[in-house]
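Fold and geometry: a report
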Amino acid sequence: MKLGPSGHSDTFSRDNLPPQDLWPEMDMRGFRHPEHFNIGVELTDRIVENGMGDRTALIGNGRRRTYKELTDWTNRLARVLVEDYGVKPGNRVLIRSANNPAMVACWLAATKAGAVVVNTMPMLRAGELGQIVDKAQVTLALCDTRLMDEMITCAKNSDVLDKVVGFDGTANHDAELDRAALNKPVNYLPVRTGRDDVALLGFTSGTTGEPKATMHFHRDIMAIAEGYAREVLGVTPDDVFVGSPPLAFTFGLGGLAVFPLYFGACAVLLEAATPANLIEIIETHKATICFTAPTAYRVMLAAMDKGADLSSLRAAVSAGETLPEPVYHDWIEKTGKPMLDGIGATEMLHIFISNRFDDHRPACTGKVVTGYEAKIVGADGAELPYGKVGRLAVRGPTGCRYLGDKARQAGYVLDGWNLTGDSFVMDADGYLYFAARSDDMIISSGYNIAGPEVEAALLAHRDVAECGVIGVADEARGTIVEAHVVLKDGVEASAAQAKLLQDFVKARIAPYKYPRSVRFIDTLPKTQTGKIQRFRLKGE
């Protein structure tokens, strides 16, 4: 495809796009955007122009900002970036923070200034930050002052990172960036970025070795709001969003910033988004849309049994891990509303397959979001018949573009289709059923066994709180299924309990899939988004 005009004077990002013959096919029909626009403006100034300036945009850490206040705040910050720190359109700006309004404001301000933003998580250490800085050639970092140590260590060891500026993620406004912004006017002429200018570099979660960054344009960010958020969620200005995924991940940025702000709704941000904190926020602010993983929903279900009032929720979005069928049924039983299971990828920016309020099935990921198409392919790339397990291939208005990484780009994109690394089954009606991450498929004595299916069977047992299933080497069978199980309080771990669970699984799914090894553990290793880190189970 021919790229439109650019507003970037620093051409690093466009120069490091993959070769066009390695791009996925991008179908922009139904997504019409002007050649020049800035997504930061669309999420702030445009909402004020539409008469919603007095509506609450962000709540968190003692801060409550209306859209007019958020617009003025981000305009002042953008002026600081340009006038005090010399940010040029196309420069990469790294942001290090937990989920709070100040982080969103910094992201919007840098975007208005024409920068390419790299959002990062608080848990990253100096060495990991250094890899990101080197890969993206970041010259300026904005960091919550409570998280400066690792960022400063990174800068000291970096030949690229010139400046680290602190901002106050609390309600105090007492940091270098905040003080500089107080002296700036609230009016700002944003950079006239092109729709095909890179706005965001999303570094993928769970990366080992050299990090990989996915490149997303201004129009890509617009497309996920106009697609999934509008079609599936039906967002209105009256919605209140909450959730657990970090804003540093595209899943969190979409669900907790882009979607609410695009529609003039409100986002309540939590730095420590534990299930208990989520429950409290939902009750306090009458939240209507929640983004989190199935593990947290299980806690919410238990809390409802003890009197928690989550009746304000109209949309419970589940992603990050496959949704166990028992959780799906329990949620409907207790709320009368479906849980919206879906799947996305950093490479695709956000969710591209989802259940709907009026079209949902247990153990089913749903159908493609409008604008996307999917097929199931074999190892040779040929499309498989309905009902066969294979690799998920998808294409639509968003897609994979790795920063300066031809080898990985060639591995992710095949004949114009994105290969997400997931194994799925599609039925004749277009419903898609998750089998496993392609590299989580367990092959035992010639049988293909999907770990999540075994997990779902185990989770149906009353004694099981959580579990993770992996394949481990076995002399006789090559690989066997091993279950790492967290038992509910009061249940004793024993050989008899393991046998009980094994028999239970045999009775629920094909017996060859049962876990021949059961290990009882206190907690499962997880990412900040709630994904089970199965690679860590393999190391135990």
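Report on the accompanying structure. (Residues numbered from 1 in each chain as written. Predicted model: local features only at pLDDT ≥ 70, side-chain atom pairs only at ≥ 80, totals over all residues. Heavy atoms only, no water.)

Some words on the layout of surface pockets
Stated precisely, the cut-off is as follows: For cavity detection a 1 Å grid was placed over the protein atoms alone, and a set of points counts as a cavity when a 1.4 Å probe fits there but cannot get out; an open set counts as a pocket when protein lies on both sides within 12 Å along at least five of seven lines, with lining residues being those that have an atom within 4 Å of a point. Grid points are joined across faces, edges and corners, and a volume is the space filled by probe spheres set on the points. Numbering of helices and strands runs from the N terminus, with a helix taken as a DSSP run of H or I at least four residues long and a strand as a DSSP run of E at least two residues long. Side-chain classes are defined by residue name, with Ala, Val, Leu, Ile, Met, Phe, Trp, Tyr, Cys and Pro counting as nonpolar, Asp, Glu, Lys and Arg as charged, and the others, Gly among them, as polar.
For the second largest pocket, the calculated volume is near 860 Å³. Lining of the second largest pocket is provided by 47 residues; of these, Phe434, Ala435, Ala450, Pro452 and Glu453 occupy positions nearest its centre. Sorting the residues of the lining of the second largest pocket by element identifies helix 12 (294–305), helix 13 (325–335), strand 17 (390–395), strand 19 (417–426), strand 20 (432–437), strand 22 (447–450), helix 15 (451–459) and strand 23 (464–474) as the ones contributing at least two each. Counting residues per element, the lining of the second largest pocket draws most heavily on helix 15, which supplies six residues. Here the residues of the lining of the second largest pocket are counted per class, giving 28 nonpolar, nine polar and 10 charged.

A few points about the sheet that holds strand 15 (residues 367–368)
Two modes of strand pairing occur in sheets, parallel and antiparallel, and in both the strands are linked by backbone hydrogen bonds. Threshold: Following DSSP output, two strands are said to pair if at least two bridges run between them. Any two residues whose heavy atoms approach within 4.5 Å are treated as being in contact. Orientation is described by lines fitted to C-alpha atoms, with helices fitted over the stretch in contact, and by angles between N-to-C directions that extend from 0 to 180 degrees.
With mixed pairing, the nine strands of this open sheet are ordered in space as 2-1-10-9-11-12-13-14-15. Every interior strand has two partners, whereas the edge strands, strand 2 (63–66) and strand 15, have only one. As judged from the two bridges shared by strand 1 (residues 56–60) and strand 10 (residues 266–268), these two strands associate in the parallel manner. Considered in strand 10, the bridge of Leu58 is made with Ala267. Contacting strand 1 and strand 2, helix 4 (residues 67–84) crosses the sheet at an angle of about 95° to strand 2.

With respect to empty space enclosed by the protein
Applying the stated criterion to the full structure yields one cavity of 30 Å³ or more. In this structure, the largest cavity spans a volume of roughly 40 Å³. Asn119, Leu200, Leu201, Gly202, Leu247, Ala248, Phe249, Thr250 and Leu253 together form the lining of the largest cavity. Of all elements in the fold, only strand 7 (198–203) and helix 10 (250–262) reach the threshold of two or more residues within the lining of the largest cavity. In terms of residue count, strand 7 provides more of the lining of the largest cavity than any other element does, three residues in total.

Note that every value here comes from positions in space, so none of it alone points to a role or purpose.
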